[in-house]
Amino acid sequence: MSTPHDAYAVLRLPEFRWFIFAKFLFILAVQMQSTIVGWQIYEITKDPLSLGLIGLAEILPFFAVALHAGHVADVVPRRRIIILATSAFFIGVISLLFFTLDDGAVLKRHGVWPIYAVIALTGLARAFDGPAMNAFVTQIVPRELYPNSAAWGSTTWQTAAVMGPALGGAIYGWAGVTAAYATAAGLAALAIVGMTLVKPRPLPVREMEESVAESLKAGIRFVFKTPIILGSISLDMFAVLFGGAVALLPIFAAEVLHVGPEGLGALRAAPFIGAAITAIFLAHRPPKRRAGIILLQCVAGFGFCIIAFALSVNLYLSLFILALSGALDCVSVIIRATILQLYTPDAMRGRVSAVDSIFIGSSNELGAFESGVAAKLLGLVRSVVFGGTMTLIVVAATAYLAPALRKLHIGAGHDDELKGN
């Protein structure tokens, strides 16, 4: 007789609750900053390419240190890295707040370049925070609760991502940019305090000492020799790279849907509302059988949603489409997170997470840059339709080239399929 699934098992662990609380506050602050920066830069420049440059400013330093950050997460206590990275983000938000003082004198003198410089700092912070946080959570919860922690971790992320854009846009519209940045800074400070309440954990024992170069190569080799991991993160990377329209939302808000920063906050929040609802559902009904097929179908559905959003001229229809796209995207996120947690060796989690963050995390910023360039060359609507079409092509190519992914099942009895080696 099978044991009933306990959807709330991981939430009964006090250490996990503190961890997820700190993560929630940090993501809330990050999403607020992203919305505020996007609207502020477009207000100043009125240029879609300037929005794409936000992603480029973050991804260049991210790429420069991402693999090394994964190595650091396997040799330096992970909680310490998370606290330092969150502190760096806090300093960045305080800098953005400073730029708004004295009637924005700094930006009037230097243009938007100081904002891009701060975004580069947050790119560095994110490069170190992601691998450490993904590795640290597996030290807090027992192995049998990894899928449950992945579902609630995604729920927390999506909930904060719903509230962050809405809160950032609302405060920007009602109280101004300075108050919006001040709120984000306060949330980041509370996230630091929350993480200090989680007990530190010793690093997993490594079987042998390696040079930094060999350590990085080992992480890369593991990913490329594990077909299920490689296939799932590649699919997500290209889907986000071509299918993301988030960077262009300020233009859709201002010129297509004719709403202000409050409307932009709602548009940015819509995908995360759909994702949050889906994540809660998946915590109770995790995808196991036919997980690979479900993954491919959901990414294809995401591509269709992007095309539909590009063609919509109604605010409520656009909000619904974005919410649906977030729901579909959430499924792939949880499936991929579960695979990484279950089938990555403890001593290699930081490096594998760094490779995953390069594939997935960087695609958001590169996708933002691609969106800005495409909009400049093709026009707003055509560029987003092009991106959604490319996502559908990527799904078809992945289904053909990665048969192991099509056959993926998650759960007992399928370990050999998932490991793929």
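Residues numbered from 1 in each chain as written. Predicted model: local features only at pLDDT ≥ 70, side-chain atom pairs only at ≥ 80, totals over all residues. Heavy atoms only, no water.

1. Digging into the overall build of the chain
Along the backbone of the chain there are 17 helices and zero strands. Relative to its 421 residues, the chain shows a buried fraction of 58%. Here the analysis covers contacts within the chain between residues at least 6 apart in sequence; of these, 87% occur between residues at least 24 apart. Carbon and sulfur atoms form 69% of the exposed surface of the chain, whose accessible area is close to 17400 Å². (Helix = DSSP H or I, 4+ residues; strand = E, 2+ residues; numbered from the N terminus. Buried < 20%, exposed > 50% of the residue type's maximum accessible area, 1.4 Å probe, protein only. Contact = heavy atoms within 4.5 Å. Areas by Shrake-Rupley, 256 points an atom, 1.4 Å probe, with all protein chains shown as cover.)

2. Some details on the packing of helix α1 (residues 14–45) against helix α5 (residues 146–175)
Axis separation between α1 and α5 bottoms out at 7 Å; the angle between their running directions is 35°. Seen from above, α1 lies across α5 with right-handed handedness. Counted by class, the contact of α1 with α5 contains 17 nonpolar, 10 polar and two charged residues. (Axes fitted to C-alpha atoms, helices over the stretch in contact; angles between N-to-C directions. Left-handed = near helix turned anticlockwise from the far one by under 90°. Nonpolar A, V, L, I, M, F, W, Y, C, P; charged D, E, K, R; others polar.)

3. Description of the packing of helix α11 (residues 291–311) against helix α15 (residues 380–401)
Viewed as axis vectors pointing N to C, α11 and α15 meet at an angle of 165°, and their least axial separation amounts to 8 Å. When the axis of α11 is compared with that of α15, the two are roughly antiparallel. At the point where α11 passes α15, the crossing takes the left-handed sense. In this structure, α11 contributes L296, V299, A300, F302, G303, F304, I306, I307, A310 and L311 to the contact, and α15 contributes V381, V384, V385, G388, T389, T391, L392, V395, T398 and A399. (Parallel < 35°, antiparallel > 145°, perpendicular 65-115°, else oblique.)

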